[in-house]
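Notes for the structure review
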Amino acid sequence: MNKWVFFVLSVIPLAPMLLGVGGYLPESWGNGKLAGVPVMVVAMLGLLAWLVLLATWYLNKADRGSVGDD
Amino acid sequence: MIDTPILIFILIVAVTLVITYWAAKRSVGRADYYTAGGQITATQNGLAITGDFVSAAAILGSVALYYAAGIDAAIFYISPLVGLCLLLLLVARPLRELGKYTVGDVLATKLPGRSIRIYTAISTLILSELYVVAQLVGAGNLFSIVFDISYEVAVGIVALLIIAYVAFGGMLATTWVQIVKAALLIIGVLLLSVLSVVKAGSLGELYVQAEQAYGGSLGFFGGSGMSVFSAASLAVAIVLGMMGMPHLLIRFLTVPDPASARRSVVVTAVLVAGVLGLLLLAVGPATLAYVKGEAAYQTASGAIEGGRNMILLHLSTALGGEVLFGIITAVTFSTILAVVAGLAIAMSSAAAHDIYAVMTKKSGGASERSELAIFRIAAVVTTALAALLSVALQNENIAYLSAFAFGIAASTNFPILILALYWPRLTLRGALAGGTAGLATALVLLMLGPTIWVQLLGNADPVFPSDYSTLVSTPLAFMVAWVVSLLDSAPQRQVA
């Protein structure tokens, strides 16, 4: 596992949030609902979950010594 | 009859003072006071980092932003998790391998000479003091309203408690105060979330009510009116600032080994994501559904009673009356204590270990006893100074002050630390020049931004278009450090 791959996978979640704040996401994306919750809120929660999973995966790799951070 | 909030407040203070007494009996030497002897487990440290990082400004400020601007508040929820992933990737392991008591120790292994220690200590003191002031302003405003006491008395009580924790209990007491805070925070946010959904009948119904009060879909970004530059600069300040904030960095020196340091980051990531996720999913919408438009929580002019930082506390009253209000107030109070205690430890250890011990080295060096005396004196002086400054700055925006502290950390400590760890050609002069350039740029652009240049100084337009300058100051710090190091022909490094 290259450190740069992990780096890129870590910072990617900032992109949709910044695009959203800047008004660059399609307006229709703000209308959808999933079990009554706006899809965009679900997407933000998904990004939080993604980052936790990524960190856990990296830790497991690092503990086994199979990650390139040394 | 004592009010519930006061009773819970007294209980919290009693618990933290018992912890301090217990820790004081176990702390004897420098290692105990600075890093709890390096014997904190990964799980304990993960909880303590959560307690250290999630500040009152982060909780109250992000909920207030959700109330005003909906999903734009996600910037305060996603950025810290990105910062934790990068901490795990870039900083946790080398920091634990190289550091002993302070961030100055880490840099001194890479850059010889005492000037880097003194520089790091001064930047630690400046940005930590700024962050402490922000927390104390929040504490003073909040508790003067909640407990009907004067602002000065509220700040004084917090300052005295912090001095007791740090001067007598050191890092061990601070760690356990932070763990208690993290546990209270998780319980408090869970309670608010569950009660919000129960009151609405379902999560979907909560959103129906929230969107009615908000006046539109909560799925749209853009409510804050921030430009992309400001949003990106703020996000970068939070992400990189986490890797430059000394009170967070020294937490990695309290665990026994680098593997524990990494594990503690992941524990923190799980806890912080859980807390922030619940704030985004349920607590934020609940403030709109149950606080917005309610006459009981508004002044005659339509503003929020007690200011925007009170929105979360109003929600707790709406959901659980005086008892829940007392619990959430206690969570907020413990939050402020935990964060300020962590900052006070960082400042005191930097003053004692990186300034006093280094300055006295030529005259035979400081004894452990005298260094610890300076540590205690520094705890008193820095906390008292922050209390005085917070009285002078009591009307300032705490979210702004906090974001600025993170911006300075991202522009000074972060570039030096990353280059020292990963670029063998960094020289002492390069590090000092880069850090100074980052600090100066952050300060100058702050002065020229909308808050100071327009709102405080009364000019028509800001010279710099944003209050957040990290996108400029951090790259500049890296560039100056790089150029000066390349131009610097003198051999600097002892350890490559």
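Keep in mind it's a predicted model, so treat the numbers as computed, not measured.

**Considering the overall build of chain B**
- Summing up its helical and strand segments, chain B has 19 helices and 0 strands in all.
- For a compact globule of 496 residues, the expected C-alpha radius of gyration is about 23 Å, and chain B comes in at 22 Å, within 12% of that figure.
- By its C-alpha atoms, chain B is 65 × 55 × 40 Å across when sized along the principal axes.
- Every one of the 496 residues in chain B was classed for burial, and the buried ones make up 63%.
- Pairs at least 24 apart in sequence give 83% of the contacts found in chain B among residues at least 6 apart.

**Some remarks on the nonpolar core**
- Within the largest apolar cluster, 228 residues are counted, with the highest numbers of intra-cluster contacts made by Met 44, Leu 51 and Ala 55 of chain A together with Ile 78, Val 158, Ile 162 and Val 340 of chain B.
- Examining the composition of this core, we find that 31 residues originate from one element, helix H13 (residues 311-359) of chain B, more than from any other.
- With near-sequence residues (within four places) excluded, Leu 51 of chain A lies in contact with Ser 10 and Pro 13 of chain A together with Leu 81, Val 82, Cys 85, Ala 269 and Ala 273 of chain B.

**A few points about unusual backbone geometry**
- Positive phi outside glycine occurs at Ala 35 of chain A, with the angle close to 55°.
- For Ala 35 of chain A, the position within the fold is in the loop between strand E1 (33-34) and strand E2 (37-38).

**Things to note about the confidence of the model for chain A**
- Averaged over every residue, the pLDDT of chain A is 86; the share at 70 or more is 91%.
- The weakest mean pLDDT in chain A belongs to E1 of chain A at 88; the strongest belongs to helix H3 (residues 39-63) of chain A at 93.

**Points about the interface of chain A and chain B**
- On the side of chain B, 43 residues touch chain A, which itself brings 38 residues to the contact.
- Mapped onto the side of chain A that touches chain B, the elements with two or more residues apiece are helix H1 (3-11), helix H2 (14-21), E2 and H3 of chain A.
- Across the side of chain A that touches chain B, the residue classes break down as 26 nonpolar, 9 polar and 3 charged.

**Points about the packing of helix H7 (residues 115-146) of chain B against helix H8 (residues 151-200) of chain B**
Residue and element names in this part refer to chain B.
- At a minimum axis separation of 8 Å, H7 and H8 run at an interaxial angle of 125°. It follows from the interaxial angle that H7 and H8 lie oblique. Taken as a pair, H7 and H8 cross one another with a handedness that is right-handed. Contacts between H7 and H8 involve Leu 136, Ala 139, Gly 140, Asn 141, Phe 143 and Ser 144 from the former and Tyr 151, Ala 154, Val 155 and Val 158 from the latter.
- Grouping the amino acids of the contact of H7 with H8 by side-chain chemistry returns 7 nonpolar, 3 polar and no charged.

**Some thoughts on the packing of H7 of chain B against helix H17 (residues 428-448) of chain B**
Residues and elements named next belong to chain B.
- Where H7 contacts H17, the axes come no closer than 10 Å and their chain directions differ by 15°. Accordingly, the angle class assigned to the pair H7 and H17 is roughly parallel. By crossing handedness, the relation of H7 to H17 is classed as left-handed. Residue-level inspection shows Ser 115, Ile 116, Tyr 119 and Ser 123 of H7 in contact with H17, the latter providing Leu 428, Ala 431, Leu 432, Gly 435 and Leu 439.

**Remarks on the environment of Gly 438 of chain B**
All names here are of chain B.
- Tracing the backbone through its elements, the reader meets Gly 438 in helix H17.
- Taking the number of C-beta atoms within 10 Å as the measure of exposure, Gly 438 has 34 and is therefore buried.
- In the structure, Gly 438 is positioned 42 residues away from Val 480 in sequence and 8.6 Å away in space, judged by C-alpha atoms.
- The contact partners of Gly 438, leaving out residues within four places of it in the chain, are Ser 411, Thr 412, Pro 415, Ser 473, Thr 474, Leu 476 and Ala 477.

**Let's talk about the environment of Val 180 of chain B**
Residues and elements named next belong to chain B.
- Its location among the elements puts Val 180 in helix H8.
- The exposure class assigned to Val 180 is buried, which follows from the 20 C-beta atoms found within 10 Å.
- Residues Val 180 and Val 484, spaced 304 residues apart in sequence, show a C-alpha to C-alpha distance of 46 Å.
- The contact partners of Val 180, leaving out residues within four places of it in the chain, are Val 15, Thr 16 and Ser 334.

**Let's talk about helix H1 (residues 4-26) of chain B**
- For H1 of chain B, which comprises 23 residues, the first-to-last C-alpha distance of 33 Å matches the rise-based estimate of 33 Å (1.5 Å per residue) to within 8%.
- Along its buried surface, H1 of chain B packs onto H7, H8 and H13 of chain B.

**As for the environment of Gly 241 of chain B**
- Relative to the assigned elements, Gly 241 of chain B resides in helix H10 (residues 228-241).
- By C-beta crowding, Gly 241 of chain B is classed as buried, having 29 other C-beta atoms within 10 Å.

**Regarding the confidence of the model for chain B**
All names here are of chain B.
- Overall, the predicted model of chain B reaches an average pLDDT of 90, with 97% of residues at or above 70.
- Within chain B, helix H19 (residues 470-487) carries the highest mean pLDDT (96), whereas helix H15 (residues 398-411) carries the lowest (85).
- For this predicted complex, the interface score ipTM comes out at 0.93, while the overall pTM is 0.91.

Calculation rules
Residues numbered from 1 in each chain as written. Chains lettered and ligands numbered in written order. Predicted model: local features only at pLDDT ≥ 70, side-chain atom pairs only at ≥ 80, totals over all residues. Helix = DSSP H or I, 4+ residues; strand = E, 2+ residues; numbered from the N terminus. Rg over C-alpha atoms; globule rule 2.2 N^0.38 Å. Buried ≥ 20, exposed ≤ 12 C-beta atoms within 10 Å, placed from the backbone. Contact = placed C-beta atoms within 7 Å. Core = buried A, V, L, I, M, F, W, Y, C linked by C-beta atoms within 7 Å. pLDDT = per-residue confidence, 0-100. Nonpolar A, V, L, I, M, F, W, Y, C, P; charged D, E, K, R; others polar. Axes fitted to C-alpha atoms, helices over the stretch in contact; angles between N-to-C directions. Parallel < 35°, antiparallel > 145°, perpendicular 65-115°, else oblique. Left-handed = near helix turned anticlockwise from the far one by under 90°. Expected span 1.5 Å × (residues − 1).

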